[in-house]
Amino acid sequence: QVQLVESGGGLVQPGGSLRLSCVASRSIFMLNAMGWYRQAPGLQRELVAAMTRGGSINYADSVKGRFTISRDIAKNTVWLQMDNLKPEDTAVYYCNGQSSATNYWGQGTRVIVSS
């Protein structure tokens, strides 16, 4: 089992920045991939960014050039740096970890982009 705990959400004005953190209860190197998903009201959960164990990164087209995923294996932590935020980025953001058998999810952290 892996527990994932997110933090860093909040209210920010359009054009602003936030950094989300996800701390895992065990080594993230044991997972095949870690990433961030988001779910806006009335919509399905969608991939925002993901990083494989080997370091390959994938971003949703809507966040390319604005969001950056990074990790510190020694700290069991993954971050999502979000810059130039837009109102359409408003959602609950979930940390995800994937093993060969299981998808792990955090409890989510809410991001609201509004003036």
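This structure is a prediction, so every number in the text was calculated from the model and none was measured. Starting afresh in each chain, residues are numbered from 1 along the sequence in its written order. The predicted nature of this model means local features are confined to residues of pLDDT at least 70 and side-chain atom pairs, given and counted, to a pLDDT of 80 or more, with totals for whole chains, interfaces and linings taken over all residues. Water and hydrogen atoms were dropped before computing side-chain values, which therefore reflect all heavy atoms in the structure.

Please explain the overall build of the protein as it appears in this structure.
By the criteria applied, helices consist of DSSP H or I runs no shorter than four residues and strands consist of E runs no shorter than two, each listed in order from the N terminus. Broken down by element type, the protein carries zero helices and 11 strands. When the helices and strands of the protein are read in sequence order from the N terminus, they spell out β-β-β-β-β-β-β-β-β-β-β. Relative to the compact-globule value of 13 Å for 115 residues, the protein shows a C-alpha radius of gyration of 13 Å, a close match. The C-alpha extent of the protein, read off along each of the three principal axes, is 40 × 25 × 25 Å. For the protein, the proportion of its 115 residues judged to be buried stands at 43%. Atoms counted for the radius of gyration: C-alpha only. Globule rule: 2.2 Å times the number of residues to the power 0.38. Note on exposure labels: buried denotes an accessible area under 20% of the residue type's maximum, exposed denotes more than 50%, and partly exposed covers the range between, all computed with a 1.4 Å probe on protein chains only.

For this particular structure, what's the right way to read the pairing of strand β1 (residues 4-7)?
Along any regular strand the residues' side chains alternate between the sheet's two faces. The two faces of β1 differ: L4 and E6 on one face are buried, but V5 and S7 on the other face are not. Whether two strands pair depends on DSSP finding at least two bridges between them. Two strands pair when backbone bridges link them, and β1 and strand β3 (residues 18-24) are joined in this way by four bridges, in the antiparallel orientation. Opposite S7, over in β3, you have S21 as the bridge partner.

I would appreciate a short explanation of the nonpolar core in the present structure.
In a soluble, globular protein the nonpolar side chains are often hidden away together inside. Residues enter a nonpolar core if they are buried and are Ala, Val, Leu, Ile, Met, Phe, Trp, Tyr or Cys, with the set joined through side-chain atoms within 4.5 Å. Membership of the largest hydrophobic core comes to 30 residues, with the highest contact counts inside it found for W36, L80, M82 and Y93. Only β3, β4 (33-39), β5 (46-52), β7 (67-72), β8 (77-82), β9 (91-98) and β11 (109-113) provide two or more residues apiece to this core. When residues in this core are grouped by element, the largest group, four residues, is from β3. Look past the residues within four positions of M82 in its chain and what remains in contact with it is G16, S17, L18, L20, R66, F67, Y93 and V111. Residue contacts are defined here by distance: any two heavy atoms, one from each residue, within 4.5 Å place the two residues in contact.

Whenever I open this one, the environment of F29 confuses me. Can you help?
Residue placement: F29 occurs in the loop between β3 and β4. When the C-alpha positions of F29 and A74 are compared, they lie 9.1 Å apart, and in sequence the two are 45 residues distant. Apart from the residues lying within four places of it in its own chain, the contact partners of F29 are R53 and I73.

Please clarify how the packing of aromatic side chains should be interpreted in this entry.
Both the distance between ring centres and the angle between the ring planes are used here to describe each pair of aromatic rings. Between rings of Phe, Tyr and Trp, where Trp is taken as its six-membered ring, a pair exists when centres lie within 6.5 Å; planes separated by under 30 degrees are stacked, by over 60 edge-to-face, and by other angles tilted. Counted under the stated rule, the structure contains two aromatic pairs. An angle of 75° between the planes, with centres 5.1 Å apart, marks the rings of Y37 and W105 as edge-to-face. You can see Y37 sitting in strand β4 and its partner W105 sitting in strand β10 (residues 103-105), a full 68 residues away along the chain. You can call Y37 buried: its relative accessible area is 18%. Residue classification places W105 among the partly exposed residues on the basis of a relative accessible area of 34%. Aromatic ring contacts, followed pair by pair, group Y37, Y94 and W105 into a single cluster.

What exactly am I supposed to notice about the sheet that holds β3 here?
Across a sheet, strands are paired by hydrogen bonds formed along the backbone, either parallel or antiparallel in direction. Judged by pairing direction, the sheet is antiparallel, and its four strands sit side by side in the order β1-β3-β8-β7 without closing on themselves. In this open sheet, the two strands that pair with only one neighbour each are β1 and β7. Neighbour to neighbour, the strand axes of the sheet diverge by 15° on average, direction disregarded. Relative to β8, β7 runs antiparallel, the two sharing six bridges. Bridge pairing in β8 links F67 to M82. Lines fitted to C-alpha atoms define the axes, with helix axes restricted to the stretch in contact, and inter-axis angles between N-to-C directions lie between 0 and 180 degrees.

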